[in-house]
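One-letter residues, chain by chain:
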Amino acid sequence: MNTASTSASTAPSLTQDELKALVGQAALAYVRPNTIIGVGTGSTVNHFITALGTMKDQIKGAVSSSVASTQRLQALGIPVFDANEVESLDVYIDGADEIDSQGYMVKGGGAALTREKIVAAQATQFICIVDESKLVTALGRFPLPVEVIPMATQRIARQFAALGGEARVRQKDGQPLVTDNGQHILDVTGLHITDPLAFESLVNQWPGVVTVGVFAHQKAQVCLMGTATGVKTIPY
Ligand code: 5RP
């Protein structure tokens, strides 16, 4: 890992949520005036959206990766564009469930992985904002989210079992969680993903997989990592 810079401040006793707030604020440095930016989903991004509210008059608006983020953006008066209305974005800012030393990530803990991948694909730069608990040596510690077409769930679960994984359908209120796209999420434990690019390509072509939560083909270009010694800027 090549750590380019560390902020001067020390923050020895910050909570995880405070670290998330710190990187959410730091991400404003990547928002250029008069642009439309891509916005991810999750508790870290929620801090970023709050911070973005302070410069809402300087940007044109956002393309959002979830209904939840859209509602937050709009509540602050930030215009939200449909992804189809925007040809490209120069930055996409989002959190992650895991990130490794190459900038490869696992995402989807908030079930928004498909739209996150779509918006990330429109952006030139992916800025990942995380607290340091998300740093891993190899992807696979966090249960891997995979958005699936419900009729293919059991078949896909068997395919993961053949790779040593155990897949469970994510539940909400005692029922399978339904994503913003009307699909289900499998959370897969027991995987050790040594080649994220090959793994993402493999799983993506299984019938019924909408999106696998490995972000390797669309990895981060920069990670802003909240640590006990401040925000580290890590380029890849
Ligand atoms: C949502 C995501 C989030 O970026 C990921 O789950 C991290 O969330 P948080 O910032 O709440 O820790 O991928 O689908």
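Everything quoted here is computed from the prediction, not taken from an experiment.

Conventions and cut-offs
Residues numbered from 1 in each chain as written. Predicted model: local features only at pLDDT ≥ 70, side-chain atom pairs only at ≥ 80, totals over all residues. Heavy atoms only, no water. Domains from an automatic or database assignment. Contact = heavy atoms within 4.5 Å. Buried area = accessible area lost by both parts, 1.4 Å probe. Salt bridge = Lys/Arg side-chain N within 4 Å of Asp/Glu carboxyl O. Polar contact = N/O pair within 3.5 Å; in protein donor to acceptor, adjacent residues only side chain to side chain. Helix = DSSP H or I, 4+ residues; strand = E, 2+ residues; numbered from the N terminus. Nonpolar A, V, L, I, M, F, W, Y, C, P; charged D, E, K, R; others polar. 1 Å grid on protein atoms, 1.4 Å probe; cavity = no way out; pocket = protein on both sides within 12 Å on 5 of 7 lines; lining within 4 Å. Points joined across faces, edges and corners; volume = space filled by probe spheres on them. Near = heavy atom within 4 Å. Pairing = 2+ DSSP bridges.

*Asks:* Where do I start with the domain arrangement of the protein chain in this structure?
*Replies:* Interfaces are frequently sized by the accessible area removed from exposure as the parts join. The domain boundaries assigned to the protein chain delineate domain 1 (16-136 + 217-235) and domain 2 (144-212). Taking only C-alpha atoms into account, the centre of domain 1 sits 23 Å from that of domain 2. Contact residues are listed per partner, giving 15 residues for domain 1 and 18 residues for domain 2. Buried area between domain 1 and domain 2, both sides added, is near 1,300 Å², and the carbon and sulfur share of it is 55%. In this assembly, domain 1 and domain 2 are joined by one salt bridge. Where E200 meets K117, a salt bridge forms, and the shortest distance between an N and an O atom there is 2.6 Å. For the pair domain 1 and domain 2, the number of links is twelve residue pairs in polar contact (both at pLDDT 80 or more). A total of four residues in the side of domain 1 that touches domain 2 trace back to one element, the largest contributor, which is helix 4 (residues 113-122). Within the side of domain 1 that touches domain 2, the residues separate by chemical class into five nonpolar, six polar and four charged.

*Asks:* I tried to follow the layout of surface pockets on my own but got confused; where do I start?
*Replies:* It is the rolling of a water-molecule-sized probe over the atoms that shows where space remains empty. Its volume calculated, the largest pocket comes out at about 250 Å³. Along its surface, the largest pocket is lined by 14 residues, and V63, S64, D82, A83 and R115 are the ones closest to its centre. Those elements that place two or more of their residues in the lining of the largest pocket are strand 3 (61-64), helix 3 (67-75), strand 4 (80-81) and helix 4. It is helix 4 that contributes the most residues to the lining of the largest pocket, three residues altogether. Residues of the lining of the largest pocket, tallied by class, amount to seven nonpolar, five polar and two charged.

*Asks:* Please clarify how the site of the ligand should be interpreted in this entry.
*Replies:* Taken together, 17 residues lie near the ligand, and S43, T44, D97, G108 and K134 sit nearest. Backbone polar atom of T41 to an oxygen atom of the ligand: 3.1 Å apart, as the coordinates give it. The separation between an oxygen atom of the ligand and a polar side-chain atom of S43 is 2.5 Å. Partitioned by chemical class, the residues of the shell around the ligand number three nonpolar, eight polar and six charged.

*Asks:* Hey, could you run me through the sheet that holds strand 6 (residues 98-99) in this one?
*Replies:* Sheets are built from strands paired through backbone hydrogen bonds, the pairs being either parallel or antiparallel. Within the open sheet, the three strands sit side by side as 6-7-15. Their pairing is antiparallel. If you trace the sheet from one side to the other, it starts and ends with strand 6 and strand 15 (214-215), each paired once. The pairing of strand 6 with strand 7 (residues 105-106) spans two bridges and is classified as antiparallel. Residue pairing in the sheet places I99 in a bridge with M105 of strand 7.

*Asks:* Hey, could you run me through empty space enclosed by the protein in this one?
*Replies:* What the rule picks out here adds up to one cavity of 30 Å³ or more. Roughly 30 Å³ of internal volume is contained in the largest cavity. Around the largest cavity sit S65, A111, A112, L113, T114, R115, E147, T179, D180 and N181, which together line it. Looking at the lining of the largest cavity, the element that brings in the most residues is helix 4, giving three residues. Across the lining of the largest cavity, the residue classes break down as three nonpolar, four polar and three charged. Counting residues domain by domain, the lining of the largest cavity receives three or more from each of domain 1 (16-136 + 217-235) and domain 2 (144-212).

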